[in-house]
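So the chains spell out like this:
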Amino acid sequence: MKIFVFCLNLFFLFCASSLSAQQDIVRSLQQNVPGEGKVTIHQDPKIKALLGSRATPSSQGGSGQIRTNGYRVQVYAGGNSRAAKEEAESVASQVKAYFPDLAVYKSFVPPRWICRVGDFRSIEEADAMMRRLKRTGVFKEVSIVRDQVTITY
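This write-up is about the structure you can find in this document. (Residues numbered from 1 in each chain as written. Predicted model: local features only at pLDDT ≥ 70, side-chain atom pairs only at ≥ 80, totals over all residues. Heavy atoms only, no water.)

**Here's the deal with helix α4 (residues 82-98)**
Thought 1: Taking 1.5 Å per residue as the helical rise, α4 with its 17 residues ought to reach 24 Å, and the 25 Å between its terminal C-alpha atoms agrees with that figure.
Thought 2: The complete set of buried residues in α4 reads Ala 84, Ala 88, Val 91, Ala 92 and Val 95. Taken down its axis, α4 places every buried residue within 100 degrees of arc, on the same side. Summarising the geometry of α4, the exposed residues directed more than 90 degrees from the buried face are Arg 82, Ala 83 and Ala 97.
Thought 3: Against the buried residues of α4 lie β1 (65-77), β2 (104-109) and β3 (112-120). (Helix = DSSP H or I, 4+ residues; strand = E, 2+ residues; numbered from the N terminus. Expected span 1.5 Å × (residues − 1). Buried < 20%, exposed > 50% of the residue type's maximum accessible area, 1.4 Å probe, protein only. Arc of directions from axis to C-beta. Contact = heavy atoms within 4.5 Å.)

**Brief notes about the nonpolar core**
Thought 1: Membership of the largest hydrophobic core comes to 21 residues, with the highest contact counts inside it found for Val 73, Val 75 and Leu 133.
Thought 2: For this core, the secondary-structure elements that each account for two or more residues are β1, α4, β3 and α5 (123-135).
Thought 3: Setting aside residues up to four positions removed in sequence, Val 73 forms contacts with Cys 115, Arg 116, Val 117, Phe 120, Ala 126, Met 129, Met 130, Leu 133, Val 142 and Ser 143. (Core = buried A, V, L, I, M, F, W, Y, C linked by side-chain atoms within 4.5 Å.)

**Section: the pairing of β2**
Thought 1: Note that β2 and β3 share six bridges and pair antiparallel. Counted as the bridge partner of Phe 108 is Trp 113 from β3.
Thought 2: Linking β2 back to β3 in an antiparallel pair, the connection comprises two residues. (Pairing = 2+ DSSP bridges.)

Shape descriptors only; they carry no functional weight alone.
What follows is the structure, encoded as structure tokens:
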């Protein structure tokens, strides 16, 4: 029984972001409805406080950002020369020309210059963008990589 309650609590935590409109989901689950079973939930009050809560937006720009694990599409990986840096900048500007709304990240990760694009929560989103990049015919050697991404809400 304790495992069931623990799993139920984990389920609520993972679904909290999608349940933000229903701030009192726990109360609605515990309502007695004729012909249906009865649900009793025993949990820490802090979990109930988290359900339906949302991080407050930052004062800059009116929207907030969080850093989390996610995926990006790598469009360039070169060496550590000046030419590789210029090529990474060139690829970054080409991506911006084709996809102006897409975030582009050019950086030096020893021992190479890399250019990655996007902030994707799921590998499916990253795969869709990878396919769009390949369809342009300009970006041939693209791959999906795990990275710390910035999600704006």
